[in-house]
Amino acid sequence: MRIPAEIESDLPFLTALRRDLHAHPELGFEEERTSAIVAKLLEEAGISVHRGLGGTGVVGTLQIGNGTRRIGLRADMDALAMPETAERPYKSTVTGKMHACGHDGHTTMLIGAARHLAATRGFSGTVHFIFQPAEEGRGGAKRMVEDGLFELFPCDAVYGLHNMPGLAVDEMAVVSGPQLASSDSWRLTLRGTGTHGAKPHLGRDPITAAGTFLSSLQTIVGRIVDPLQPAVVSACSVQAGDPKALNVIPDIVEIGGTARAYSPEVRDQLEAEIGRLAQGTALMFGIVAEYAFERRIPPVVNDADATARALGAAVDVFDAKVVTHFPPSTAGDDFAFFGQKAPGCYVWLGNGPAVDGALHHNTAYDFNDGAIGPGVAFWTRLVERELASEG
Ligand SMILES: [Zn+2]
Ligand SMILES: [Zn+2]
């Protein structure tokens with residue numbers, strides 16, 4: 001592991017910053033305090049700052065020399081609407097909000113890299129430090145793109161990083177191809193004709209139809225999608241009837257869930273097949289199906305060239321501790337919207353062992369401060385290699 005001495009000497013400051021952010025979590029598009037701190041620190045480092053992109057987003061731009069290549073580095077800033085249960089000196093001070101995904105660490109590491117690069121100036125070209133709001137399901141990346149992120153700050157490549165428990169803090173995974181799944185929502189209303197529970201023949205029972213639909217749902221993954229292509233379909237919500245009215249067959253059953261895939265083809269297939277099953281089931285039971293599939297986040301698929309560049313930087317810092325085979329996650333990350341605009345690579349930085357079994361989105365999760373130095377070293381090395389000075 002090679003961490004420059006200047007980064008090591010900034011670690012007390014960065015660790016204090018990380019813990020301060022942890023103690024003051026803010027939800028998506030509400031990152032007023034966090035983005036103000038980010039903007040102030042970037043300005044203090046002599047970096048030009050654009051605020052308010054995508055609501056609370058911040059972009060810092062550092063141009064050095066006459067190199068023409070431009071790259072974007074992305075950190076997400078938001079926390080989650082959940083309580084923090086673990087006791088720690090910097091525990092969340094806001095009831096019902098916590099940094100359970102480590103975005104406090106992501107923000108800190110990108111600030112660390114910006115400070116270091118602005119001081120050492122060891123590259124030639126342009127780097128955009130992209131501090132994104134609202135990664136956790138609120139659409140921050142899409143909003144930044146819609147607000148003109150890539151028109152205002154053109155990028156020839158864009159990089160994202162996420163902490164990963166289970167990898168040691170001196171390990172990093174840099175893998176080409178699919179990293180994170182598409183994350184889409186679907187909703188189905190089965191509309192029958194409500195009737196007396198004792199006289200089902202006088203109505204059209206949507207509950208029995210729902211049972212048939214649900215028991216057939218996994219045949220989409222099991223029988224229709226290519227067995228060599230990962231896919232997940234889950235029903236996560238079922239609403240119907242009233243437990244206080246056990247002699248009433250209701251008019252409607254509402255079902256909702258998620259669908260995940262790593263390729264556009266399988267994503268299309270899931271959308272079509274859930275709908276076909278819904279319509280077919282409704283036809284079979286003589287009722288009506290209303291189906292909607294909401295495309296939320298595309299899959300994150302690492303570009304081969306950007307991955308090779310990230311891998312070079314990772315090897316410079318982590319030596320043989322770089323993992324090039326690592327299973328993709330069925331979670332999603334809206335970094336995917338950035339990866340649609342420029343060749344992208346999303347890497348996993350070790351967060352050490354899962355303390356007390358706490359993984360991402362657990363009420364006891366915490367970013368590991370031991371990962372700050374390695375993360376800052378990776379970002380700075382990536383910029384130095386990507387935007388190598390002439391001669
Ligand atoms: Zn998360
Ligand atoms: Zn996250």
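Residues numbered from 1 in each chain as written. Chains lettered and ligands numbered in written order. Predicted model: local features only at pLDDT ≥ 70, side-chain atom pairs only at ≥ 80, totals over all residues. Heavy atoms only, no water.

A. Geometry of the nonpolar core. Grouped together as the largest cluster of nonpolar side chains are 53 residues, with contacts concentrated most on Leu-73, Phe-129, Phe-131, Phe-378 and Trp-379. Counting residues in hydrophobic clusters, the runner-up holds 26 residues, among them Leu-53, Met-144, Cys-155 and Ala-173. (Core = buried A, V, L, I, M, F, W, Y, C linked by side-chain atoms within 4.5 Å. Buried < 20%, exposed > 50% of the residue type's maximum accessible area, 1.4 Å probe, protein only.)

B. Representation of the coordination of the zinc ion (ligand 2) within the structure. Here the zinc ion (ligand 2) is held by Cys-101 (SG), His-103 (NE2) and His-162 (NE2), and the distances to it run 2.1 to 2.3 Å. Of note, the zinc ion (ligand 2) draws all its donor residues from one chain, in the sequence arrangement C-x1-H-x58-H. (Donors = N, O, S within 2.8 Å, 3.2 Å for Na, K, Ca; no water.)

C. Up close: the coordination of the zinc ion (ligand 1). At 2.0 to 2.7 Å from the zinc ion (ligand 1) lie its protein donor atoms, namely Cys-101 (SG), Glu-136 (OE), Glu-136 (OE) and His-361 (NE2). In this structure, the zinc ion (ligand 1) is coordinated by four donor atoms arranged in irregular fashion, with angles at the metal of 52 to 152°. Summarised as a motif, the one-chain spacing of the donors to the zinc ion (ligand 1) is C-x34-E-x224-H. A separation of 3.1 Å is found between the zinc ion (ligand 1) and the zinc ion (ligand 2), both of which receive a donor from Cys-101. Residue Glu-136 is found in the loop between β4 (125–132) and α4 (140–146), and its partner His-361 is found in the loop between β16 (344–350) and α11 (372–386); the two are separated by 225 residues along the sequence. (Tetrahedral: all angles 85-135°; square planar, octahedral: opposite > 155°, others 65-115°. Helix = DSSP H or I, 4+ residues; strand = E, 2+ residues; numbered from the N terminus.)

D. Spatial organisation of the packing of aromatic side chains. Under the counting rule described, the total for this entry stands at seven aromatic pairs. Three or more aromatic residues joined by ring pairs form one cluster here, namely Phe-150, Phe-326, Phe-335, Phe-338, Tyr-346 and Trp-348. Positioned above the aromatic ring of Phe-13, the side-chain terminus of Arg-115 is 3.8 Å from the ring centre. It is Arg-143 that lies over the ring of Phe-29; its NZ or CZ is 5.0 Å from the centre. (Phe/Tyr/Trp six-rings, centres within 6.5 Å; stacked < 30°, edge-to-face > 60°. Lys NZ or Arg CZ within 6 Å of the ring centre and 35° of its normal.)

E. A look at the domain arrangement of the protein chain. What the domain assignment reports for the protein chain is domain 1 (5–180 + 299–386) and domain 2 (183–297). Between domain 1 and domain 2, the contact holds 15 residues from the first and nine residues from the second. For the pair domain 1 and domain 2, the summed buried surface comes to about 840 Å²; carbon and sulfur atoms form 65% of the total. Counting the contacts that link domain 1 with domain 2 gives three residue pairs in polar contact (both at pLDDT 80 or more). When residues in the side of domain 1 that touches domain 2 are grouped by element, the largest group, three residues, is from strand β7 (residues 177–180). Of the residues that constitute the side of domain 1 that touches domain 2, the class distribution is eight nonpolar, five polar and two charged. (Domains from an automatic or database assignment. Contact = heavy atoms within 4.5 Å. Buried area = accessible area lost by both parts, 1.4 Å probe. Polar contact = N/O pair within 3.5 Å; in protein donor to acceptor, adjacent residues only side chain to side chain. Nonpolar A, V, L, I, M, F, W, Y, C, P; charged D, E, K, R; others polar.)

F. Examining helix α2 (residues 32–44) more closely. The end-to-end C-alpha distance of α2 is 18 Å, a good match for the 18 Å that 13 residues give at a rise of 1.5 Å each. Within α2 the residues assigned to the buried category are Thr-34, Ser-35, Val-38, Ala-39, Leu-41 and Leu-42. Down the axis of α2, the smallest arc covering the buried residues is 165°, so these residues share one side. What points out from α2, more than 90 degrees from its buried face, is the exposed set Glu-32, Glu-43 and Glu-44. Elements in contact with the buried residues of α2: α1 (5–23), β1 (48–53), β2 (57–64), α3 (103–120) and β4. At the exit of α2 stands Gly-46, carrying a positive phi of roughly 85°. (Expected span 1.5 Å × (residues − 1). Arc of directions from axis to C-beta.)

G. The pattern of salt bridges, seen in detail. Throughout the structure, instances matching the rule amount to 32 salt bridges. A salt bridge links Asp-268 to Arg-295; the nearest nitrogen and oxygen atoms lie 2.7 Å apart. Of this pair, Asp-268 sits in helix α8 (residues 264–285) while Arg-295 sits in strand β13 (residues 288–297), and the two are 27 residues apart along the sequence. For Asp-268, a relative accessible area of 42% gives the class partly exposed. Taking the shortest distance from any N to any O, the salt bridge between Glu-386 and Arg-309 comes out at 2.8 Å. Remark: Arg-309 occurs in helix α9 (residues 304–318) and Glu-386 occurs in helix α11; sequence separation between them is 77 residues. Among the residues examined, Arg-309 registers a relative accessible area of 28% and is labelled partly exposed. The structure contains a network of salt bridges with shared partners spanning Arg-18, Arg-19, Glu-84, Arg-88, Asp-104, Asp-366 and Asp-369. (Salt bridge = Lys/Arg side-chain N within 4 Å of Asp/Glu carboxyl O.)

H. Region of the structure containing the packing of α3 against α11. Following both chains from N to C, one finds α3 and α11 inclined at 50°, their axes separated by 8 Å at the closest point. The angle between α3 and α11 places the two elements in the oblique class. Handedness of the crossing formed by α3 with α11: right-handed. Between α3 and α11, the contacting residues are Thr-108, Met-109, Leu-110, Gly-112, Ala-113, His-116 and Leu-117 on the first element and Ile-372, Gly-375, Val-376, Trp-379, Thr-380, Val-383 and Glu-384 on the second. In terms of residue class, the contact of α3 with α11 is built from eight nonpolar, five polar and one charged. (Axes fitted to C-alpha atoms, helices over the stretch in contact; angles between N-to-C directions. Parallel < 35°, antiparallel > 145°, perpendicular 65-115°, else oblique. Left-handed = near helix turned anticlockwise from the far one by under 90°.)

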